[in-house]
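# What the coordinates show
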Amino acid sequence: MKALTLLTAAALTACSGPAPDTSSDGNMTSAGSVERKVAAPKPKAPDYTGRWIGVEGMVLDVAPTATPGHYALTMQWDLDNKGKFDGTVTGNTISFDRKGIRETLRPTNGDATGLKYLFGKTDCLTVKPGEGYCRDGLSR
């Protein structure tokens, strides 16, 4: 009987150690295996570099700068006005200050520019209705 008591005590001691670490960075499946969470790749900001054409002489040239997230914008936005501006990327838009007004270039299609000549185009940047620029892929 004493031998049985010692054997039982030895078995219980072997099982009473610290529990193994079963933590993970995933979710347990119904089959008991662990699905690891993989971080989704961060979406790359769109590449707006190149020449964008508007109507009646409107043109937008977008060039990268040495500062990540910034573009040099050279634009003719109507027959009488042209200039150079520092553009800052926020998400998929480019913001810039022009004549004391904060403007934003946002990706659209030609129909959203409100300019008949650009209707049907698919790769465009619009500042506001009546001011937009598009490219056909050949103007990069």
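Residues numbered from 1 in each chain as written. Predicted model: local features only at pLDDT ≥ 70, side-chain atom pairs only at ≥ 80, totals over all residues. Heavy atoms only, no water.

On to the nonpolar core, then. Membership of the largest hydrophobic core comes to 21 residues, with the highest contact counts inside it found for Leu-60, Leu-73, Leu-105 and Tyr-133. Of all the secondary-structure elements, those providing two or more residues to this core are β4 (59-64), β5 (70-76), β7 (93-98), β9 (124-128) and β10 (131-134). With residues up to four places along the chain from it excluded, the contact list for Leu-105 reads Leu-60, Leu-73, Thr-93, Ile-94, Phe-96, Leu-125, Thr-126, Val-127 and Tyr-133. (Core = buried A, V, L, I, M, F, W, Y, C linked by side-chain atoms within 4.5 Å. Buried < 20%, exposed > 50% of the residue type's maximum accessible area, 1.4 Å probe, protein only. Helix = DSSP H or I, 4+ residues; strand = E, 2+ residues; numbered from the N terminus. Contact = heavy atoms within 4.5 Å.)

Bringing the state of the cysteines into the picture now. Counting across every chain of the model gives one disulfide. Here Cys-124 pairs with Cys-134 through a disulfide, and the sulfurs are 2.0 Å apart. The disulfide joining Cys-124 to Cys-134 has a torsion of about 100° about its S-S bond and is therefore right-handed. Of the two residues, Cys-124 is situated in strand β9 and Cys-134 in strand β10; the sequence distance between them amounts to ten residues. We note that Cys-124, like Cys-134, is buried. (Disulfide = S-S within 2.5 Å.)

Scanning all chains against the criterion turns up three aromatic pairs. Look at Phe-85 and Phe-96: their rings are 5.7 Å apart centre to centre, the planes differ by 45°, and that puts the pair in the tilted class. Remark: Phe-96 occurs in strand β7 and Phe-85 occurs in strand β6 (residues 82-90); sequence separation between them is eleven residues. Note on accessibility: Phe-85 and Phe-96 belong to one class, buried. Members of the aromatic cluster, each reached through a chain of ring pairs, are Trp-77, Phe-85 and Phe-96. (Phe/Tyr/Trp six-rings, centres within 6.5 Å; stacked < 30°, edge-to-face > 60°.)

The final tally for this structure, using the stated rule, is six salt bridges. Note that Glu-103 is salt-bridged to Arg-98, the shortest N-O span being 3.5 Å. Taken individually, Glu-103 and Arg-98 each receive the classification buried, so the pair is uniform in this respect. Note that Arg-98 is salt-bridged to Glu-131, the shortest N-O span being 2.8 Å. With Arg-98 in strand β7 and Glu-131 in strand β10, the pair connects residues that are 33 residues apart, well separated along the chain. For the residue pair Arg-98 and Glu-131, the accessibility class agrees, reading buried in each case. Linked by salt bridges that have partners in common, Arg-98, Glu-103, Lys-128 and Glu-131 make up one network. (Salt bridge = Lys/Arg side-chain N within 4 Å of Asp/Glu carboxyl O.)

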